Amino acid sequence: MKQVYLDYSATTPVKKEVLDTMLPYYTDVFGNPSSLYSIAEESKAAIDTARKNVANLINANTNEIFFTAGGSESDNWALKGVADALKDKGNHIITTSIEHHAILHTAEYLEKHGCEVTYVGVGKDGRVNPQDIENAITDKTILISVMFVNNEVGSIQPIEEIAKIAKKYGVVFHTDAVQALGNVPIDVKAMDIDLLSMSAHKIYGPKGIGAMYIKKGTKITNFVHGGGQEAKHRAGTENLPGIVGFGKAAEIAKNNLEEHIENSTKLRDYLIEQITTKIPHTKVNGSMEHRHPGNANISFEFVEGEALLLMLNSKGIYVSTGSACSSKSLTPSHVLMALGIPVEVIHGTLRFTIGDFTTREDIDYVVDNLVEIVTKLRELSPISAEKGWK
Ligand SMILES: *Cc1c(COP(=O)(O)O)cnc(C)c1O
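Residues numbered from 1 in each chain as written. Predicted model: local features only at pLDDT ≥ 70, side-chain atom pairs only at ≥ 80, totals over all residues. Heavy atoms only, no water.

Give me the lowdown on the sheet that holds strand E7 (residues 195–199), citing residues and values where you can.
The mixed open sheet is built from seven strands, whose spatial order is E2-E8-E7-E6-E5-E3-E4. The open sheet is flanked by strand E2 (65–68) and strand E4 (116–120), the only strands paired with a single partner. Taking the axes of each pair of neighbouring strands and ignoring which way they run, one obtains an average angle of 20° across the sheet. Inspection of the sheet shows strand E6 (residues 172–176) paired to E7 by three bridges, in the parallel sense. Residue His174 lies in a different strand from E7, and its bridge partner there is Leu195. Running over the sheet, helix H4 (residues 71–85) touches E2, strand E3 (92–96), strand E5 (141–145), E6, E7 and strand E8 (210–214) and is turned about 160° from E7. Strands E5 and E6 of the sheet are contacted by helix H7 (residues 159–168), whose axis makes an angle of about 155° with E6. (Pairing = 2+ DSSP bridges. Helix = DSSP H or I, 4+ residues; strand = E, 2+ residues; numbered from the N terminus. Axes fitted to C-alpha atoms, helices over the stretch in contact; angles between N-to-C directions. Contact = heavy atoms within 4.5 Å.)

Laid out in structure tokens, this is it:
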């Protein structure tokens, strides 16, 4: 059976070139980078190269990149590390209601430990209004954390404007750029970003490895205590193959950025056009203008998203309802709620995310099956029959 994976925002396969670059670092070049003999030198050099490639992708300096175990760890570090380092200055953090749970649950944890958190909402387009961020600032505000690109509806946030506001008030600015990396141009210098979270497995690199960009001079406490790795900020023997894989994935992402954006956008727009013209009562959620190139978040009225997902799954099509984290429970997605979408419509919403291995034939296969499945489900649904939707 044909298989079509349209869940690239959940994770991506490791590219062959990435895996090939990683493999020698499991077996041949395995020396502990902290050791003094020559094979350790080779490990150290490989980490330096990877750090340079990751830095290049976001226009950072090499010594401003610190490897972590992924996006969640970087997000935890940003919030806890700044709250701790600046506790004498203030205890107020501003974030948004559409963040990833790695931010939201860390913020909730900090609220239990003396911090005050303001969760700024978004418009119908899934974007934060920078003025709302500015209005939330008090003399106790120490950190503003706003994601670069939302993982569910793909909305790209006005990061430069928000960073400017943070600068104006002397507040540290962090952005969770896990979905932005390799999908939109990022320039931490031009955008004046202080802290930025990254993850390798969303850009065709391995899982369990990520990084944080920390602008030189930013006040943040060390995250893992132990050895002297990562300039003492994040101890532990380095995940050498992971770091090498992340570096290679970052290098490829940098070289392919324009082509990747162009191809993804074309296929995404084709998918959206096909679905919305061939299936009645469908609606795209989030901004079309400021959008992740591969994201199509679509509500199908009068159908259950779970039923849709399972029937697509039986055809070898893999998508997600709302977000991967909430897909096992039926609580409606906090992001779609924040956009003001009615709960019954949220329950009929799917997220399709396109990536580098997606083809036009894949999209046609998905659309053909969707037309059939949605029609069948609506025929079975008492609500749609009552309202005359077929
Ligand atoms: C995937 C994701 C994360 C978590 O990254 P991991 O490397 O899986 O821990 C954080 N934020 C966003 C926006 C994500 O999409």
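I'd like a description of the sheet that holds strand E12 (residues 349–353), backed by residues and values.
The sheet built from three strands is open, its strands ordered E9-E10-E12 with antiparallel pairing. Each of the sheet's edge strands pairs with one partner strand only, and the pair in question is strand E9 (282–284) and E12. Each neighbouring strand pair of the sheet contributes to a mean axis angle of 25°, computed without reference to strand direction. Where strand E10 (residues 295–300) lies against E12, five bridges are found, and the strand directions are antiparallel. Counterpart to Ser299 in the pairing with E12 is Thr349.

Could you give me a rundown of helix H8 (residues 240–278), with the residues and numbers involved?
Taking 1.5 Å per residue, 39 residues should reach 57 Å; H8 reaches only 49 Å between its end C-alpha atoms and comes up short. Maximal helix bending in H8 amounts to about 70°, located at Asn256. For H8, the N-terminal cap is Asn239; the gap from its side-chain oxygen to the backbone nitrogen of Gly242 is 3.0 Å. (Expected span 1.5 Å × (residues − 1). Bend = angle between axes of the 7 residues up to and from the residue. Polar contact = N/O pair within 3.5 Å; in protein donor to acceptor, adjacent residues only side chain to side chain.)

Tell me about the nonpolar core, and name the residues and values.
Ile58, Ile144, Phe148, Ile186, Met198 and Phe246 are the most contacted members of the largest nonpolar core, which has 65 residues in total. Here this core takes eight residues from H8, the largest share from any one element. Listed in part, the 28 residues of the second largest apolar core include Ile272, Ile298, Phe352 and Ile363. (Core = buried A, V, L, I, M, F, W, Y, C linked by side-chain atoms within 4.5 Å. Buried < 20%, exposed > 50% of the residue type's maximum accessible area, 1.4 Å probe, protein only.)

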